Amino acid sequence: MTDLDIDNEPNTGLRKTLIGGIGGTSLLFLSAFLAGYTVAVFEHGMPSTIDMAMIGGILAVIAAVVFVCVRLWPKTGPEPIGPSAKKSRDLMFVIIGLSIVAGIAFAAMDGPDNNLLFSNGPISLTAAVIVLAGWLIVTPIVTLLWWRSIDEHEAGAYREGSMIAAHFYLFLAPAWWIAGRAGWVPAQDPMIVFIIVCFVWTVAWFYKKFT
């Protein structure tokens, strides 16, 4: 691919948004499923051949999603990365890494019977303290450091994404509540709403960032 082809590649921003949103969400759920399945297997003793095949299959799917995302990611020419951009990128990797570790740790502490994060059942005191400490102390610190390191374009894209997500929540939550009371849909689950709003926020943020 020549430099001219790179410059004329259509819908670069949209492609990055779709790959980041769909690919990232797929990896998040696949990782959560892998963690939950692995914990459930070892809670009941040594894994069987079928269990190992399932774990290997999930890992293969995760590897395939990563491969497809990398292959489909639009090729761009080499661009200099400033210290601020490099710092914000590194902090984003830290946030992603902490999220993955926290999800796996929570799955291990929560146990297989509670269906991991998609349950409203009781959890242990240890799990609650660790998760709340990470969410209310560690996450805000890392997020603040990231916010202070980003440039104006990134900050603007993030703000616009948050505004779109807030308005989406403004209409989604009451509509789901009314529809649930009418019996048209299941009762509203706050964590499902939270995940949906975060997904909308991320997609809108990426779209504004790459376009």
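Residues numbered from 1 in each chain as written. Predicted model: local features only at pLDDT ≥ 70, side-chain atom pairs only at ≥ 80, totals over all residues. Heavy atoms only, no water.

Colleague: Would you explain the overall build of the protein in this entry?
Modeller: The number of helices and strands found in the protein is seven helices and zero strands. When the helices and strands of the protein are placed in sequence order, the string is α-α-α-α-α-α-α. Of all 211 residues assigned to the protein, the portion counted as buried reaches 26%. Sequence-distant contacts, at least 24 apart, represent 72% of the contacts inside the protein between residues at least 6 apart. Total accessible area computed for the protein in this model is approximately 14100 Å², and 72% of it derives from carbon and sulfur atoms. (Helix = DSSP H or I, 4+ residues; strand = E, 2+ residues; numbered from the N terminus. Buried < 20%, exposed > 50% of the residue type's maximum accessible area, 1.4 Å probe, protein only. Contact = heavy atoms within 4.5 Å. Areas by Shrake-Rupley, 256 points an atom, 1.4 Å probe, with all protein chains shown as cover.)

Colleague: What is the right way to read the packing of aromatic side chains from this model?
Modeller: Aromatic ring pairs are defined here through the distance separating the ring centres and the angle between the ring planes. Per the stated rule, a full pass over the model turns up eight aromatic pairs. Look at Tyr158 and Trp201: their rings are 5.4 Å apart centre to centre, the planes differ by 40°, and that puts the pair in the tilted class. With a gap of 43 residues between them, Tyr158 in helix α6 (residues 152-181) and Trp201 in helix α7 (residues 190-210) connect regions that are remote in the sequence. Between Tyr158 and Trp205 the ring centres are 5.0 Å apart and the planes differ by 85°, which places this aromatic pair in the edge-to-face class. With Tyr158 in helix α6 and Trp205 in helix α7, the pair connects residues that are 47 residues apart, well separated along the chain. With relative accessibility at 10%, the residue Trp205 sits in the buried group. (Phe/Tyr/Trp six-rings, centres within 6.5 Å; stacked < 30°, edge-to-face > 60°.)

Colleague: What is the right way to read the side chain of Asp189 from this model?
Modeller: As for its position among the elements, Asp189 is in the loop between α6 and α7. Despite its burial, Asp189 pairs with no opposite charge; the closest candidate is Arg181, at 17 Å N-O. In this structure the side chain of Asp189 is engaged in a polar contact, spanning 2.9 Å, whose partner is the backbone nitrogen of Met191. (Lys, Arg positive; Asp, Glu negative; His and termini not counted. Salt bridge = Lys/Arg side-chain N within 4 Å of Asp/Glu carboxyl O. Polar contact = N/O pair within 3.5 Å; in protein donor to acceptor, adjacent residues only side chain to side chain.)

Colleague: Mind showing me how you'd approach the environment of Ile22 here?
Modeller: By secondary structure assignment, the location of Ile22 is in helix α2 (residues 12-43). For Ile22, a relative accessible area of 51% puts it in the exposed group. For Ile22 and Cys69, which are 47 residues apart along the polypeptide, the C-alpha to C-alpha distance reads 9.4 Å.

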